[in-house]
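# A structural walkthrough
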Amino acid sequence: DGGITQSPKYLFRKEGQNVTLSCEQNLNHDAMYWYRQDPGQGLRLIYYSQIVNDFQKGDIAEGYSVSREKKESFPLTVTSAQKNPTAFYLCASSMSTSGNYEQYFGPGTRLTVT
Amino acid sequence: RKEVEQDPGPFNVPEGATVAFNCTYSNSASQSFFWYRQDCRKEPKLLMSVYSSGNEDGRFTAQLNRASQYISLLIRDSKLSDSATYLCVVNKAAGNKLTFGGGTRVLVKP
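Residues numbered from 1 in each chain as written. Chains lettered and ligands numbered in written order. Predicted model: local features only at pLDDT ≥ 70, side-chain atom pairs only at ≥ 80, totals over all residues. Heavy atoms only, no water.

## Examining the interface of chain A and chain B
Tallying the contact residues gives 26 residues for chain A and 19 residues for chain B. Taking both partners together, chain A and chain B bury about 1,700 Å²; carbon and sulfur atoms supply 50% of that area. In this assembly, chain A and chain B are joined by zero salt bridges. In this assembly, chain A and chain B are joined by two residue pairs in polar contact (both at pLDDT 80 or more). Looking at the side of chain A that touches chain B, the elements that each hand over two or more residues are β4 (31–37), β5 (43–51), β9 (87–94) and β10 (104–105) of chain A. Class assignment for the residues of the side of chain A that touches chain B results in twelve nonpolar, eleven polar and three charged. (Contact = heavy atoms within 4.5 Å. Buried area = accessible area lost by both parts, 1.4 Å probe. Salt bridge = Lys/Arg side-chain N within 4 Å of Asp/Glu carboxyl O. Polar contact = N/O pair within 3.5 Å; in protein donor to acceptor, adjacent residues only side chain to side chain. Helix = DSSP H or I, 4+ residues; strand = E, 2+ residues; numbered from the N terminus. Nonpolar A, V, L, I, M, F, W, Y, C, P; charged D, E, K, R; others polar.)

Right, here's the structure in full:
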């Protein structure tokens, strides 16, 4: 089955630690995205990537980093510099960043930092 | 003004009734529009794209009003399973960066 997988589903970390969230897709999509969702809020774009080895900051990139070494994979690192890291993190992909293609989402990772 | 605005609701709807709600967007150059559905603590899932001429998918009808810069979603014959948060999503003119509204919560009750 084609789709997007994110792991783990739940993640707990102590303040001050970096943590990496996994996102893999087998849809052969060129574009991938990371969003954050806080309770009762909409999605906010963290980073996005149009092709391998290229990525751009979204609206709230501070405290986060990404890499895109393979087309299928777009991991997100939440660094200790992120002031409020506890949130629901969603990865998405689309055929392209040009045109009007809809995005498809993975099941998300709930990160709790204490 | 937010780029994409939605009434957060909740819209309490009797089973079998019709419910409709709008979403306004601020960028007149926006090119494509979508409705996503999000269940509690789950990922958003594409419900339907919104075309200029309006479109229908079963009990769901989406409309676009470019002059007034809003899109709408109408649900007929509401089912209990329609209870969810409906996200309005707008594609900016340049590239495929989607902007999400905060969502409209719909609760269908027996």
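## Some points on the pairing of strand β7 (residues 60–65) of chain B
All names here are of chain B. Bridge analysis of strand β6 (residues 55–57) against β7 gives three bridges, and the strand direction is antiparallel. Note on β7: the bridge partner recorded for asparagine 55 is alanine 62. Taken together, β6 and the strand that follows it, β7, pair antiparallel across an intervening segment of two residues, in which glycine 58 is found at a positive phi of about 65°. Alignment of β7 against strand β8 (residues 70–75), held across six bridges, turns out to be antiparallel. Within the sheet, the bridge partner assigned to asparagine 65 lies in β8 and is tyrosine 70. Counted between consecutive antiparallel strands, the loop separating β7 from β8 contains four residues, among which glutamine 69 sits at a positive phi close to 60°. (Pairing = 2+ DSSP bridges.)

## Some words on unusual backbone geometry
Backbone torsion omega between A:Ser7 and A:Pro8 reads -10°, so that peptide bond is classified as cis. With respect to the helices and strands, A:Pro8 occurs in the loop between β1 (4–7) and β2 (10–13). Each neighbour pair has its own omega, and for B:Gly9 with B:Pro10 the value is 5°, a cis peptide bond. In this structure, B:Pro10 sits in the loop between β1 (4–6) and β2 (11–14). The residue A:Asn28 is not glycine, and still its phi comes out positive at about 60°. Summarising the element assignment, A:Asn28 is placed in the loop between β3 (19–25) and β4. One non-glycine residue, B:Asp77, lies in the positive phi region at around 45°. With respect to the helices and strands, B:Asp77 occurs in the loop between β8 and β9 (84–91).

## Quick notes on the nonpolar core
Generally speaking, a soluble globular protein has its nonpolar side chains buried in company with each other. Grouped together as the largest cluster of nonpolar side chains are 22 residues, with contacts concentrated most on B:Phe21, B:Trp35, B:Ile71 and B:Tyr86. At the level of secondary structure, the elements contributing two or more residues to this core comprise β3 (19–25), β4 (32–38), β5 (44–50), β7, β8, β9 and β11 (104–109) of chain B. Those residues in contact with B:Phe21 that lie beyond four places of it in its chain are B:Phe11, B:Trp35, B:Ile71, B:Ser72, B:Leu73, B:Ile75, B:Tyr86, B:Thr104 and B:Val106. Membership of the second largest hydrophobic core comes to 20 residues, among which are A:Trp34, A:Ile60, A:Tyr64 and A:Leu111. (Core = buried A, V, L, I, M, F, W, Y, C linked by side-chain atoms within 4.5 Å. Buried < 20%, exposed > 50% of the residue type's maximum accessible area, 1.4 Å probe, protein only.)

## A short note on the state of the cysteines
For the structure on display, the rule yields two disulfides over all chains. A sulfur-sulfur distance of 1.9 Å marks the disulfide that ties A:Cys23 to A:Cys91. The sign of the S-S torsion, about -70°, decides the handedness of the disulfide formed by A:Cys23 and A:Cys91: left-handed. In this pair, A:Cys23 is assigned in strand β3 and A:Cys91 in strand β9, connecting sequence segments 68 residues apart. One exposure class covers both A:Cys23 and A:Cys91, and it is buried. The disulfide that involves B:Cys23 links it to B:Cys88, with 1.9 Å between the sulfurs. (Disulfide = S-S within 2.5 Å.)

## Digging into the pattern of salt bridges
For the coordinates displayed, the defined rule picks out seven salt bridges over all chains. Across the salt bridge formed by B:Asp39 and B:Arg37, the nearest N and O atoms sit 2.8 Å from each other. For B:Asp39, a relative accessible area of 31% gives the class partly exposed. Its salt-bridge partner being B:Asp82, residue B:Arg59 comes within 2.7 Å of it at the nearest N-O pair. Here B:Arg59, found in the loop between β6 and β7, pairs with B:Asp82, found in the loop between β8 and β9; they are 23 residues apart in sequence, far enough to count as distant. A relative accessible area of 22% means that B:Arg59 is categorised as partly exposed. Several salt bridges converge on common partners, so that one network encompasses A:Arg36, A:Asp38 and A:Arg44.

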